[in-house]
Amino acid sequence: MVFVIVQTAIIYVIIRFRARKGDDTEPVQSHGNTKLEILWTIIPVVILASIGYPIVKGIFDIRAIADGPDVLQVQVTGHQWWWEFEYIDLTDETGRTLVTANELVIPEDVEVNLTMTSADVIHSFWVPILAGKRDVVPNRVSNMTLIADSATPPDAPHPGQCAEYCGLAHADIRLKVHVRTQADFDAWVDGQLTPAAIPTTETEASGYETFNITCAACHNATVAEDGGTTDLGPVRAIEVDGVTFISSLAPNLTNFGERTTFGAGTFDNTAEHLAEWLADPSSIKPMRPELNDIPEGRILGMPNFNLSSDEISNLIALLEGWD
Ligand SMILES: [Cu+2]
């Protein structure tokens with residue numbers, strides 16, 4: 001618009017006031033115009049200030065950390081190559097917090113404050129439909145506020161993606177955000193805080209044995225035992241800037257059967273995909289499990305455990321039953 005207005009005015013002036021043949025009157029000579037100069041200084045100042053004020057205010061508003069009794073507090077730990085979520089204010093009777101992975105579930109119309117850090121390299125948390133990107137940096141804490149206006153259909157959660165290159169499986173560190181009505185969210189929380197059942201069928205019991213021997217080296221699952229609960233796998237935490245973040249070696253599987261996807265939002269959670277995953281995880285998601293160094297806590301993917309097809313189907317029965 002500015003270009004068109006200015007160019008039109010210039011062309012008009014050039015043509016309208018051009019020197020015509022035979023007319024040699026000298027144009028009016030002028031030098032300086034204080035009034036005009038003050039005016040064309042003040043007008044742009046007013047325009048820029050009126051644009052600048054809301055922008056600067058907006059930057060501070062976006063940076064503000066949501067707090068208060070109505071805000072849902074979720075801590076996010078980025079890992080190569082998956083996301084871990086801990087709902088620090090939602091606990092069961094024993095004080096165990098709600099921990100899940102790769103699928104964030106939030107109530108509609110509620111402010112959610114994400115407090116984020118990374119266990120390894122820089123990631124970036126990005127759910128385009130809900131908010132912009134925010135870097136997730138090791139040894140630093142960053143925050144982001146989400147507010148979702150309306151619930152998502154169960155099979156169409158909002159898709160997200162890590163937006164900062166973080167190594168081999170960067171393309172497959174995705175995530176899902178399910179938005180639920182408050183009542184559905186409360187029911188989900190109850191389900192998540194209920195420990196997984198100790199298996200009763202023979203297949204599940206056999207899967208449970210393999211889980212304890214092999215899988216529990218990295219994956220935690222909380223099961224009901226002797227009227228209380230037991231963690232089958234390790235529970236680990238890191239402290240960053242005075243904030244304690246959960247930082248597990250691998251996704252918590254307590255309620256795995258309830259998730260719609262796995263492998264950081266990459267595969268639909270079906271028996272078929274799970275069988276492929278358990279047969280050789282790196283064949284469907286590129287990872288570097290040969291570099292896993294568990295004492296140092298550096299995990300670059302799930303190894304292939306050369307499970308038999310029976311072990312695989314028993315584990316699938318176990319995990320899909322944990323919902
Ligand atoms: Cu990434």
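Residues numbered from 1 in each chain as written. Predicted model: local features only at pLDDT ≥ 70, side-chain atom pairs only at ≥ 80, totals over all residues.

**Side note on the overall build of the protein chain**
Condition: Numbering of helices and strands runs from the N terminus; a helix is a DSSP stretch of H or I covering at least four residues, while a strand is a stretch of E covering at least two. Here the radius of gyration uses the C-alpha set of atoms, whereas the globule reference equals 2.2 Å times the residue count to the power 0.38. Here the C-beta atoms are placed from the backbone, and a residue counts as buried if at least 20 other C-beta atoms lie within 10 Å of its own, exposed if 12 or fewer do, and partly exposed otherwise. Here the contact rule is simple: place C-beta atoms from the backbone, and any two residues whose C-beta atoms are within 7 Å are in contact.
For the protein chain, the count of helices and strands is seven helices and 16 strands. Taken over C-alpha atoms, the radius of gyration comes to 29 Å for the protein chain, far larger than the 20 Å a tight globule of 323 residues would show. For the protein chain, the proportion of its 323 residues judged to be buried stands at 31%. Contacts in the protein chain between residues far apart in sequence, at least 24 positions, make up 65% of those at least 6 positions apart.

**Digging into helix H5 (residues 271-279)**
Condition: For this quantity, the arc is that covered by the directions from the helix axis to the C-beta atoms.
Those residues of H5 that sit buried are Leu 274, Trp 277 and Leu 278. Looking straight down H5, one finds its buried side chains confined to an arc of 90°; they lie on one side. Taken together, the buried residues of H5 touch strand S16 (267-268), helix H6 (281-284) and helix H7 (309-321).

**Examining the sheet that holds strand S1 (residues 72-79)**
Definition in use: Each pair of strands is called paired provided DSSP finds at least two bridges between the two strands. Helix axes use the C-alpha atoms of the stretch in contact, all axes being lines fitted to C-alpha atoms, and the angles between their N-to-C directions lie in the range 0 to 180 degrees.
Taken together, five strands build an open sheet; the order of strands is S3-S2-S1-S5-S8 and the sheet is mixed. Edge positions in the sheet fall to strand S3 (97-101) and strand S8 (142-146), since each of these pairs with one other strand and no more. Each neighbouring strand pair of the sheet contributes to a mean axis angle of 25°, computed without reference to strand direction. When strand S2 (residues 82-91) meets S3, the two strands line up antiparallel, connected through five bridges. The residue of S3 that forms the bridge with Thr 91 is Thr 97.

**What to know about helix H4 (residues 202-213)**
Where we set the bar: Here, expected helix span is obtained from the residue count minus one, scaled by 1.5 Å.
Between its terminal C-alpha atoms H4 stretches 17 Å, which fits the 16 Å expected from twelve residues at 1.5 Å a residue. Turning to H4, its buried residues are Glu 204, Gly 207, Tyr 208, Thr 210 and Phe 211. The arc that holds every buried residue of H4, seen down its axis, measures 165°, which confines them to one face. Away from the buried face of H4 by more than 90 degrees, exposed residues Glu 202 and Ile 213 are located. Packing partners of the buried residues in H4 comprise H7.

**Re the pairing of strand S4 (residues 103-107)**
Of all the five residues making up S4, four are buried; the element is thus mostly covered by neighbouring parts of the structure. Here S4 runs beside strand S10 (residues 174-180); their pairing, made up of five bridges, is parallel. From the neighbouring strand, Ile 106 faces S10, where its bridge partner is Val 179.

**As for the nonpolar core**
Heads up, the condition is: By definition, a nonpolar core groups buried Ala, Val, Leu, Ile, Met, Phe, Trp, Tyr and Cys residues that connect through C-beta atoms lying within 7 Å of each other. What marks off one domain from the next here is an automatic or database domain assignment.
Among the nonpolar cores identified, the biggest contains 39 residues, and Val 76, Ile 106 and Leu 114 are the most heavily contacted of them. When residues of this core are sorted by domain, at least three fall in each of domain 1 (72-193) and domain 2 (202-233 + 256-321). Look past the residues within four positions of Leu 114 in its chain and what remains in contact with it is Val 74, Val 76, Phe 125, Asn 143, Met 144 and Leu 146.

**Digging into the packing of H5 against H7**
This is how it is decided: Angles are sorted into four bins: roughly parallel if under 35 degrees, roughly antiparallel if over 145, roughly perpendicular if 65 to 115, and oblique for all others. A clockwise turn of the near helix away from the far one marks a right-handed crossing, whereas an anticlockwise turn of less than a right angle marks a left-handed crossing. Polar here means any residue other than Ala, Val, Leu, Ile, Met, Phe, Trp, Tyr, Cys and Pro, which are nonpolar, and Asp, Glu, Lys and Arg, which are charged; Gly is therefore polar.
Axis separation between H5 and H7 bottoms out at 10 Å; the angle between their running directions is 125°. Taken together, the axes of H5 and H7 are oblique relative to one another. Both H5 and H7 take part in a crossing whose hand is right-handed. Mapping the contact onto sequence places Ala 271, Leu 274, Ala 275, Leu 278 and Ala 279 in H5 and Ile 312, Leu 315, Ile 316 and Glu 320 in H7. Among the residues making up the contact of H5 with H7, the classes are represented as eight nonpolar, no polar and one charged.

**Here we look at the domain arrangement of the protein chain**
What the domain assignment lists for the protein chain is domain 1 (72-193) and domain 2 (202-233 + 256-321). For domain 1 versus domain 2, the distance between C-alpha centres works out to 21 Å. Taken together, the contact between domain 1 and domain 2 spans 19 residues of the former and 17 residues of the latter. Those elements giving two or more residues to the side of domain 1 that touches domain 2 turn out to be S2 and S10. In terms of residue count, the dominant contributor to the side of domain 1 that touches domain 2 is S10 (three residues). Per-class residue counts for the side of domain 1 that touches domain 2 are eight nonpolar, four polar and seven charged.

**A few points about the pairing of strand S7 (residues 133-136)**
Side chains of S7 alternate between two faces, with Arg 134 and Val 136 buried and Lys 133 and Asp 135 left unburied. Pairing of strand S6 (residues 123-126) with S7 involves four bridges; the strand directions are antiparallel. What sits directly across from Ser 124, in S7, is Asp 135.

**Things to note about the sheet that holds strand S9 (residues 158-161)**
Strand order in the open sheet made by the three strands is S4-S10-S9, with mixed pairing throughout. In the strand order of this sheet, the two ends are held by S4 and S9, each with one partner. When strand polarity is set aside, the average angle formed by the axes of neighbouring strands in this sheet is 25°. Sheet analysis places S9 next to S10, joined by four bridges and oriented antiparallel. Looking across to S10, one finds that His 158 is bridged to Val 177. Strands S4 and S10 of the sheet are contacted by helix H3 (residues 182-193), whose axis makes an angle of about 135° with S4.

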